[in-house]
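Here is what each chain is made of, one letter per residue.
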Amino acid sequence: MSPDQVREARAFSPASVGNVAVGFDILGHAIAGVGDTVTVRRTDAPGVRILAIRGTTVDLPLEAADNTAGAALLAMIDALALPFGFELEIDKGIALGSGMGGSAASCVAALVAANALLDAPLSREALYPFALTGEAVASGGRHGDNLGPMLLGGLVLSTADRLVSIPVPAGWHSLLVHPDAVLETRRARAALLGSYALSEFVTQSANLALVLSGCFRSDAELVRAGLRDVLVEPRRAGLIEGFSAAREAALGAGALGASISGAGPSVFAWFDSQAAAQAAQRAVQDAFAEAGFDSQGWVSPLNAPGAQLL
């Protein structure tokens, strides 16, 4: 290592909306204003050590292989045959079990910070396979709907081996509301077991095509026609107290569409302007209040930035 080699870096990764109603496990967008921060130090000793996790009342794994951030860095070390290791400290800003991509954010922030400490840093796309390995520790599967937007920013289509940024008009904004409740991802995924009708898949495919076409064409009415989940939302809605009222409040305020963020219980909605999203926030939070839950809300451009070095 050269004498002027940087030995420490910090990175922030934003929260994200996963699935975006019509893109289960493949479509997501970043959320400005909330996220996780990870500090990484390059060490002469091999392996990965997690020194501290702050900002949560739940004991998260300090063993690297059992932690999303640690597993991602172990995958990087192995793939690149790095002759050194990393120490890291995680500061959580995203509530656990919120449907806001908290496990993915720690993973991406760790990778972006560690990447800055490499002799030859990689592109964000090249970090994606390591992020998938890390995310699988928490969710049990290699899906990138949260990881893609955290790495690249904005709205991203994330397949098994590819990230595709989806253009959206600068004025389009999202509203994300997180009720003071927890829905564990594995429980939410268990609700999806069972049979599905072929017609449901056809409708969902058409809806995804409408949303993507609307984004590329800057056509809000195409998005309004398609931003509706007929596969996952009906099977998870019953797990989220107050969801139906919150969704209807968003739609009643002019949302292009509204659904569950990630595995829930957070709810997101798209609007064609910042003012419309801000005007709807109170109504959506009031819906959760009537169900007995305090909540937090964020209005963010759909083109919100991805992870950043600090």
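As shown above, the structure is provided for reference.
From a predicted model like this one, the values you see are computed outputs, not experimental measurements. (Residues numbered from 1 in each chain as written. Predicted model: local features only at pLDDT ≥ 70, side-chain atom pairs only at ≥ 80, totals over all residues. Heavy atoms only, no water.)

1. Quick look at unusual backbone geometry
Next up, step 1: In this chain, Gly264 is followed by Pro265 through a cis amide linkage whose omega measures 10 degrees.
Next up, step 2: In this fold, Pro265 is placed in the loop between β8 (257-260) and β9 (267-271).
Next up, step 3: In this structure, Asn19 is a non-glycine residue whose phi angle is positive, near 75 degrees.
Next up, step 4: Inspection of the secondary structure assignment puts Asn19 in the loop between β1 (8-18) and β2 (27-43).
Next up, step 5: For Asn19, a relative accessible area of 6% corresponds to the buried category.
Next up, step 6: Even without being a glycine, Ala21 presents a positive backbone phi close to 70 degrees.
Next up, step 7: Inspection of the secondary structure puts Ala21 in the loop between β1 and β2. (Helix = DSSP H or I, 4+ residues; strand = E, 2+ residues; numbered from the N terminus. Buried < 20%, exposed > 50% of the residue type's maximum accessible area, 1.4 Å probe, protein only.)

2. Let's talk about the nonpolar core
Nonpolar side chains in soluble globular proteins tend to be buried together.
Next up, step 1: Ranked by size, the top nonpolar core spans 69 residues in total, and within it Met76, Phe86, Leu88, Leu111, Cys215 and Trp270 carry the most contacts.
Next up, step 2: With 10 residues, helix α2 (residues 102-115) is the single largest residue contributor to this core.
Next up, step 3: The residues touching Leu88, leaving out its near neighbours within four places in the chain, are Val38, Thr39, Val40, Val48, Arg49, Ile50, Leu51, Ala52, Ala69, Leu73 and Ala110.
Next up, step 4: Leu175, Ala250, Ala269 and Ala287 belong to the second largest nonpolar core, which has 24 residues in total. (Core = buried A, V, L, I, M, F, W, Y, C linked by side-chain atoms within 4.5 Å. Contact = heavy atoms within 4.5 Å.)

3. Re empty space enclosed by the protein
Next up, step 1: A full pass over the atoms with the stated rule returns one cavity of 30 Å³ or more.
Next up, step 2: What lines the largest cavity is simply Asn19, Ala21, Phe24, Asp229, Val232, Glu233, Ser259, Ile260 and Gly262.
Next up, step 3: A per-class count over the lining of the largest cavity returns four nonpolar, three polar and two charged. (1 Å grid on protein atoms, 1.4 Å probe; cavity = no way out; pocket = protein on both sides within 12 Å on 5 of 7 lines; lining within 4 Å. Points joined across faces, edges and corners; volume = space filled by probe spheres on them. Nonpolar A, V, L, I, M, F, W, Y, C, P; charged D, E, K, R; others polar.)

4. Observations regarding the pattern of salt bridges
Next up, step 1: In this structure the tally under the stated criterion is 14 salt bridges.
Next up, step 2: The partner of Arg189 in a salt bridge is Asp25, and the shortest N-O contact between them spans 2.8 Å. You can see Arg189 sitting in helix α5 (residues 185-190) and its partner Asp25 sitting in the loop between β1 and β2, a full 164 residues away along the chain.
Next up, step 3: Arg224 is the salt-bridge partner of Glu221, the closest N and O atoms lying 3.3 Å from each other. Taken as a pair, Glu221 and Arg224 lie in helix α7 (residues 220-226) at a separation of three residues, close to a single helical turn. (Salt bridge = Lys/Arg side-chain N within 4 Å of Asp/Glu carboxyl O.)

5. Regarding helix α10 (residues 274-290)
Residue pairs spaced three or four apart in an α-helix point in one direction, given the helix's 3.6 residues per turn.
Next up, step 1: For α10, which comprises 17 residues, the first-to-last C-alpha distance of 25 Å matches the rise-based estimate of 24 Å (1.5 Å per residue) to within 8%.
Next up, step 2: Every buried residue belonging to α10 is among Ala276, Ala277, Ala280, Gln281, Val284, Gln285, Ala287 and Phe288, and all of these are buried.
Next up, step 3: Looking at the buried side of α10, the elements it contacts are β7 (173-179), α9 (243-252), β9 and β10 (295-301).
Next up, step 4: Looking at where α10 begins, the residue whose side-chain oxygen comes 3.1 Å from the main-chain nitrogen of Ala276 is Ser273.
Next up, step 5: Once α10 finishes, Gly292 follows within two positions and takes phi at roughly 100 degrees, a positive value. (Expected span 1.5 Å × (residues − 1). Polar contact = N/O pair within 3.5 Å; in protein donor to acceptor, adjacent residues only side chain to side chain.)

6. Re the side chain of His178
Next up, step 1: Structurally, the position occupied by His178 is in strand β7.
Next up, step 2: Accessibility expressed as a relative area gives 7% for His178, which makes it buried.
Next up, step 3: Of the polar contacts made by the side chain of His178, one reaches the backbone oxygen of Ala181; its length is 3.5 Å.

7. Digging into α2
Next up, step 1: A rise of 1.5 Å per residue sets the reference length of α2, with its 14 residues, at 20 Å; its end C-alpha atoms lie 20 Å apart and thus fit the reference within 8%.
Next up, step 2: Buried residues dominate α2, accounting for 13 of its 14 residues.

8. Considering the pairing of strand β5 (residues 155-158)
Next up, step 1: Burial along β5 is two-sided: the residues Leu155 and Leu157 and Val156 and Ser158 are all buried.
Next up, step 2: Judged from the three bridges that link them, β2 and β5 form a sheet pairing that is antiparallel. Across the sheet, residue Leu27 finds its bridge partner in β5, namely Leu157.
Next up, step 3: The pairing of β5 with strand β6 (residues 163-166) spans four bridges and is classified as antiparallel. (Pairing = 2+ DSSP bridges.)

9. Things to note about the packing of α9 against α10
Next up, step 1: In contact at an axis separation of 8 Å, α9 and α10 are set at 165 degrees when each is read in the N-to-C sense. Regarding the angle of α9 to α10, the classification is roughly antiparallel. The interaxial crossing formed by α9 with α10 has right-handed handedness. Contacts between α9 and α10 involve Phe243, Ala245, Ala246, Ala249 and Ala250 from the former and Ala283, Val284, Ala287 and Phe288 from the latter. (Axes fitted to C-alpha atoms, helices over the stretch in contact; angles between N-to-C directions. Parallel < 35°, antiparallel > 145°, perpendicular 65-115°, else oblique. Left-handed = near helix turned anticlockwise from the far one by under 90°.)

Keep in mind these numbers describe shape, not what the thing actually does.
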